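Close look at the chain arrangement
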Amino acid sequence: MKVLIRQGLVVGRETRVADVLVIDGKVREIGPGLAARGAEVVDAEGCWVGPAFVDLHAHLREPGHEDAETIESGARAAAVGGYGAVIAMPNTEPPLDSVAAVGYVLEAGRRALVDVGAAAAITVGRRGENLTPMAELAAIGVRLFTDDGVAVRDAAVLRRALAYARPLGVRVAEHAEDPDLVAEGVMNEGVWSGRLGLTGRPAVAELVTVLRDLELAREVGAPIHFLHVSTAAALAAIVSARRGGVDVSAEIAPHHFTLDESACEHYDANFKVNPPLRTPADVAALRRGLREGEIDAVATDHAPHAPEAKDQPFDEAPAGVLGLEHAAALTFEALGAESAEPTRFFAVLSRRPAALAGLAEHGGWVEAGETANLVVFDPQATWTVDRDRLHSRARNTPYHGRAMRGRARTTLVRGTVVAHEGEIA
Amino acid sequence: MSVRGQSLLSLRGLTPEDLLEVLDTAESFVEVNRRSVKKVPALRGRVVASLFYEESTRTRLSFETAAKRLSADVLSLAVASSSVKKGESLRDTIATIEALGIDAVVLRHRASGAAEQVARYVPHVRVINAGDGQHQHPTQGLLDVFTVRQILAARRGARGSETGAALFEGLHVLMVGDIRHSRVARSDIDAYVALGATVRVAAPPTLLPPGIETWPVTVVDSLRDSLEWADVLALLRLQQERGTGRFVPSLAEFTATFGLTQERFALVRPEALVMHPGPINRGIEIDAAVADAPASVITRQVANGVPIRMAVLFLTVAGAREGEL
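Residues numbered from 1 in each chain as written. Chains lettered and ligands numbered in written order. Predicted model: local features only at pLDDT ≥ 70, side-chain atom pairs only at ≥ 80, totals over all residues. Heavy atoms only, no water.

Secondary structure assignment for chain A yields 13 helices and 19 strands. Over its C-alpha trace chain A gives a radius of gyration of 20 Å, about what one expects of a compact globule, namely 22 Å for 425 residues. Judged by the C-alpha coordinates and their principal axes, chain A covers about 65 × 50 × 40 Å. Just so you have it, chain A exposes about 14900 Å², and 48% of that area is on carbon and sulfur atoms. (Helix = DSSP H or I, 4+ residues; strand = E, 2+ residues; numbered from the N terminus. Rg over C-alpha atoms; globule rule 2.2 N^0.38 Å. Areas by Shrake-Rupley, 256 points an atom, 1.4 Å probe, with all protein chains shown as cover.)

Here it is as structure tokens:
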């Protein structure tokens, strides 16, 4: 099995225009004018050739909500989006809180188009009480633990989780929104929620949980990860704690750095997410943080929901939007499009998330000898999001009809082309 | 953006002319309601569906009465005993009644935005919002300004329509109570402000909506200081069924601090109007005796519900000129 990627801008220890020859799942050779004999040729002229993207945060809905997504369909969407690996979130039914449940996902993932890892729950049943068997789960490859969907309400439980996780080399990841402050809220609390008569989720709910968790992580001396940071204040607190020596990582989701709360104006539940879309000032702060390297990862928070579930009154519809198929283009745009630095782009979409997820075969520089998990990203491509042509089972994108710039042209997983030009190969 | 031929989802963004058109049309229907035969053929052959997902006595009765007085056929869906109980979605229910050939749907729903959502589902049907969650209650806002104009004009020996919006210029409206959860407050404020009135709101901070500082109103901390200022006292219902009780320490404390007690009522100018959208929590937001005092125009509000809703149905469904009545 040979693939020759021709004339792309190869993102490695030194970034240069070259051909990349892939043989039997490995990058064999990088250089000018490599021979194409017997190889599948991928034209990459004008494109960036980098490590395939890694998503730290995808709701693949299996087991339990296969009407919205399956591991197989989610992996197809990921492949088309340029991803070589995704981490499945544990808020399934039943939740991923046991070796058996995580094993099921990893097993199904072996048959999927891209690599599938799993985050496991911090507490049994995601109920915020008893810890899951974290050591056993770490032994089968789990690196991230989260009760995503809700924060761990009880500070003592979170503190215990941080302490227990520390020697295991795993990371506790929080959905940082104080559950009592968000209560029944459905959108950002502020001018828009007041006008629309919708119950708000205040920004301070994120900040108080982030501050609490940072202090607990500092005291315990354990690493912590914050999922989908959505406010300027929480990001500032994280940056400040990092300077103060806390081992803290943070991801942001594309919808939080491209859309603001005013998108809820017409009560379209395709704009309902948790944490909610925030103010334009928050959007600007996240984009600045992304450009200035304060953000570890762009993570999709890909959250498929069946059409009939989303097609309900705003406060009754479930929260969440699709992400895998448009995250790269939105990240490219937020990094300045033509002025975007390829190294920064691949840092947040691949290298750093791969390291956080403990995926040794992902996120490396494109160098001879590395596993060929690669993406050819075309920064010139223009396309329009069409919810009827996405590869997810669901259609709940907030970007239907939006013109995009930049697209994964070709995705390779272990040397095999899995997606090309927006379609499964 | 006249309401003619359009859905009426909100009073936000309506101009004084749009509002006056409804008020003037309603005034002509007041006369119809005084006849022994209270019926005009304006909507003969038209079908109005009445879809109430929330309990309501006065709004539902007054909409259905209004539709019948315009000679429309009324399809009244009793949600409690319909397939909605069996889990039918809002979209499917609307599709079902649309298939029966309706011209308008009057919708009351517990969710904010439900009326706008339904309007998206059935773009060729006029949707009239009869109250959506904590968002808007446009016909209540309209009947409130209609009632104020009617009474103030009568004091000058005029019909409301002869005064246009003039009586609202500089009118002092004091809104008291649960603004945060009130769809009536949002519609009332839109209507009063558009017509030129000055609005103050008085409530405990926990019952003010987020972002109130961007609304065209002044928040006052003390009810007492504004009682004499007010030409209109618009009281709001403390919505215990929506859990409003958790936003104040107790109902007794609310009454003690923001209730229109007899003692506070004594500070209100004699010519001021006391309004309440009902149903009243007697003894909580308003003293029982004050609710029945001559200053109280609460029953007038109820009576004006029918002509206002006739006007709204007529303008939105027929979309015709008043002269064609």
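What follows is about the interface of chain B and chain A. Contact residues are listed per partner, giving 21 residues for chain B and 20 residues for chain A. Area buried by chain B at its contact with chain A is led by B:Ser112, B:Gln117 and B:Pro210, which between them contribute 28% of it. Our count for the contact surface shared by chain B and chain A stands at two salt bridges. For the salt bridge of A:Asp311 with B:Arg91, the shortest nitrogen-to-oxygen distance reads 2.3 Å. In this structure, the connection of chain B to chain A is made through nine residue pairs in polar contact (both at pLDDT 80 or more). Elements with a minimum of two residues in the side of chain B that touches chain A: helix H3 (90-99) and helix H4 (114-121) of chain B. Counted by class, the side of chain B that touches chain A contains six nonpolar, eight polar and seven charged residues. (Contact = heavy atoms within 4.5 Å. Buried area = accessible area lost by both parts, 1.4 Å probe. Salt bridge = Lys/Arg side-chain N within 4 Å of Asp/Glu carboxyl O. Polar contact = N/O pair within 3.5 Å; in protein donor to acceptor, adjacent residues only side chain to side chain. Nonpolar A, V, L, I, M, F, W, Y, C, P; charged D, E, K, R; others polar.)

The next subject is the domain arrangement of chain A. Residue and element names in this part refer to chain A. Under the domain assignment used here, chain A contains domain 1 (2-48 + 370-424) and domain 2 (52-357). Each of domain 1 and domain 2 was reduced to a C-alpha centroid, and the two centroids are 26 Å apart. Between domain 1 and domain 2, the residue contacts involve 35 residues of the former and 48 residues of the latter. Roughly 3300 Å² is buried in total at the junction of domain 1 and domain 2, and carbon and sulfur atoms are behind 65% of that figure. Of all residues in domain 1, Trp48, Arg393 and Asn396 bury the most surface against domain 2, accounting for 20% of the area lost on that side. Between the two partners, domain 1 and domain 2, sit three salt bridges. Counting across the domain 1 and domain 2 interface gives 17 residue pairs in polar contact (both at pLDDT 80 or more). Contributing elements (two or more residues each) for the side of domain 1 that touches domain 2: strand E16 (374-384), strand E17 (403-413), strand E18 (416-420) and strand E19 (423-424). (Domains from an automatic or database assignment.)

This next bit is on H3(B). An α-helical turn contains 3.6 residues, so any two residues separated by three or four positions project in the same direction. Residue and element names in this part refer to chain B. Residues of H3 that are buried include every one of Leu90, Thr93, Ile94 and Ile97, and no others. Along the axis of H3, the buried positions cluster into a sector of 95 degrees, meaning they face one direction only. Residues of H3 that are buried make contact with strand E1 (47-52), strand E2 (73-78), strand E3 (104-109) and H4. (Buried < 20%, exposed > 50% of the residue type's maximum accessible area, 1.4 Å probe, protein only. Arc of directions from axis to C-beta.)

The step from A:Glu62 to A:Pro63 runs through a cis peptide bond, and the omega angle for that step is 5 degrees. Residue A:Pro275 is reached from A:Asn274 by a cis peptide bond, and omega for that bond is -10 degrees. As for its position among the elements, A:Pro275 is in the loop between helix H9 (254-258) and helix H10 (280-291). Positive phi outside glycine occurs at A:Tyr267, with the angle close to 60 degrees. Its place among the elements puts A:Tyr267 in the loop between H9 and H10. Of note, B:Ser71 is a non-glycine position whose phi angle comes to about 70 degrees, a positive value.

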